[in-house]
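Single-letter residue listing:
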Amino acid sequence: MAKVLVSACLLGAKVRYDGRDNLLDHPVLKRWHQQGRLVAACPETLGGLPTPRAPAEIQTRFPILITTDADEDVTPEFLSGAEQALDLAHQHDCCCALMKARSPSCGNQEIYDGSFSGTLTTAPGVAADELLRNGIPVFNEHQLGELIDFVEQQGAAA
């Protein structure tokens, strides 16, 4: 049975930087949750950041630098959380991940550009990038159809 690593905020955990969640209410996710197929993870809290916390954005990629809007360096926490999310995916043999779009950790296609102005740039977040580089496909909440198709294909192949 294929398992999916999921951003904890999408499952209703109040772990966002502002202490809220991004609950994704979908019948297939509910069924998978009841079947024990979802593995919840918040890379930022896994990395040791508190909830609530200051907003953070990736400033540079080479070398990687992630700061809060108060210019506090939170790179070590983000990197640790990304590694721990990858470890969880491997431990639970997850076939893929469902991560929060635009998050500096979890965004799979685009994230905020580091200016704290709401401007987006095409790039993955730190945890999504770690998963992708290790062969784990990452979908976001706007790609649920693609995710469901992918997971069902994994089940058929098993």
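Rules of the game
- Residues numbered from 1 in each chain as written.
- Predicted model: local features only at pLDDT ≥ 70, side-chain atom pairs only at ≥ 80, totals over all residues.
- Heavy atoms only, no water.
- Salt bridge = Lys/Arg side-chain N within 4 Å of Asp/Glu carboxyl O.
- Buried < 20%, exposed > 50% of the residue type's maximum accessible area, 1.4 Å probe, protein only.
- Pairing = 2+ DSSP bridges.
- Helix = DSSP H or I, 4+ residues; strand = E, 2+ residues; numbered from the N terminus.
- Axes fitted to C-alpha atoms, helices over the stretch in contact; angles between N-to-C directions.
- Phe/Tyr/Trp six-rings, centres within 6.5 Å; stacked < 30°, edge-to-face > 60°.
- Core = buried A, V, L, I, M, F, W, Y, C linked by side-chain atoms within 4.5 Å.
- Contact = heavy atoms within 4.5 Å.
- 1 Å grid on protein atoms, 1.4 Å probe; cavity = no way out; pocket = protein on both sides within 12 Å on 5 of 7 lines; lining within 4 Å.
- Points joined across faces, edges and corners; volume = space filled by probe spheres on them.
- Nonpolar A, V, L, I, M, F, W, Y, C, P; charged D, E, K, R; others polar.

- Per an unreviewed UniProt entry, the protein chain carries the name DUF523 domain-containing protein and comes from Marinobacterium maritimum.

Some words on the pattern of salt bridges
- With the rule as written, the count across this model stands at nine salt bridges.
- A salt bridge links Lys30 to Asp25, with the nearest nitrogen and oxygen atoms 2.9 Å apart.
- For Lys30, a relative accessible area of 47% corresponds to the partly exposed category.
- Salt-bridge contacts for Glu110 lead to Arg102; the nearest nitrogen and oxygen are separated by 3.2 Å.
- Overall, Glu110 belongs to the partly exposed group, its relative accessible area being 29%.
- Each of Arg16, Asp18 and Arg20 takes part in one network of salt bridges that share partners.

As for the sheet that holds strand β5 (residues 94-99)
- Pairing is parallel in the open sheet, where four strands are placed in the order β2-β1-β5-β8. The open sheet has two edge strands, β2 (38-41) and β8 (138-140), and neither has a second partner. Averaged over all pairs of adjacent strands, the angle between strand axes in this sheet comes to 25°, irrespective of strand direction.
- Note that β5 and β8 share three bridges and pair parallel. Among the inter-strand pairings, Leu98 is bridged to a residue of β8, identified as Phe139.

Section: the packing of aromatic side chains
- Under the definition given, this model contains one aromatic pair.
- With a centroid separation of 5.6 Å and an interplanar angle of 50°, the aromatic rings of Phe139 and Phe150 are classed as tilted. Of this pair, Phe139 sits in strand β8 while Phe150 sits in helix α5 (residues 144-157), placing them eleven residues apart in sequence.
- Looking at Phe139, the relative accessible area reads 10%, which means it is buried.

Observations regarding the pairing of strand β3 (residues 56-61)
- Pairing analysis gives five bridges linking β3 to strand β4 (residues 64-68), with the strands arranged antiparallel. Across the sheet, the residue bridging to Ala56 is Thr68, located in β4.
- Between β3 and β4, which follow one another and run antiparallel, lie two residues.

Examining the nonpolar core
- Counting 26 residues, the largest nonpolar core has Leu5, Ile66, Phe78, Met99 and Leu131 as the members making the most contacts within it.
- Put simply, the parts of the chain that give this core at least two residues each are β2, β3, α3 (75-91), β5 and α4 (126-133).
- Here this core gets six residues from one element, more than from any other, and that element is α3.
- Setting aside anything within four residues of it in sequence, one finds Leu5 in contact with Val39, Ala41, Ala85, Leu88, Ala89, Cys94, Cys96, Ala97, Leu98 and Leu131.

Looking at α4
- Within α4, the full set of buried residues consists of Val126, Ala127, Ala128, Glu130 and Leu131.
- Of the residues trailing α4, Gly135 is marked for its positive phi of about 85°.

Some remarks on the layout of surface pockets
- For the largest pocket, the calculated volume is near 570 Å³.
- Surrounding the largest pocket, 29 residues form its lining, Tyr17, Arg102, Ser103, Pro104 and Tyr112 being those nearest its centre.
- Of all the elements, β3 adds the most residues to the lining of the largest pocket, at three residues.
- Class assignment of the residues belonging to the lining of the largest pocket gives a composition of 18 nonpolar, five polar and six charged.
- Computed from the structure, the second largest pocket encloses a volume of approximately 190 Å³.
- Those elements giving two or more residues to the lining of the second largest pocket turn out to be α3 and α4.
- Looking at the lining of the second largest pocket, the element that brings in the most residues is α4, giving four residues.
- Taken together, the residues that form the lining of the second largest pocket break down as six nonpolar, no polar and five charged.

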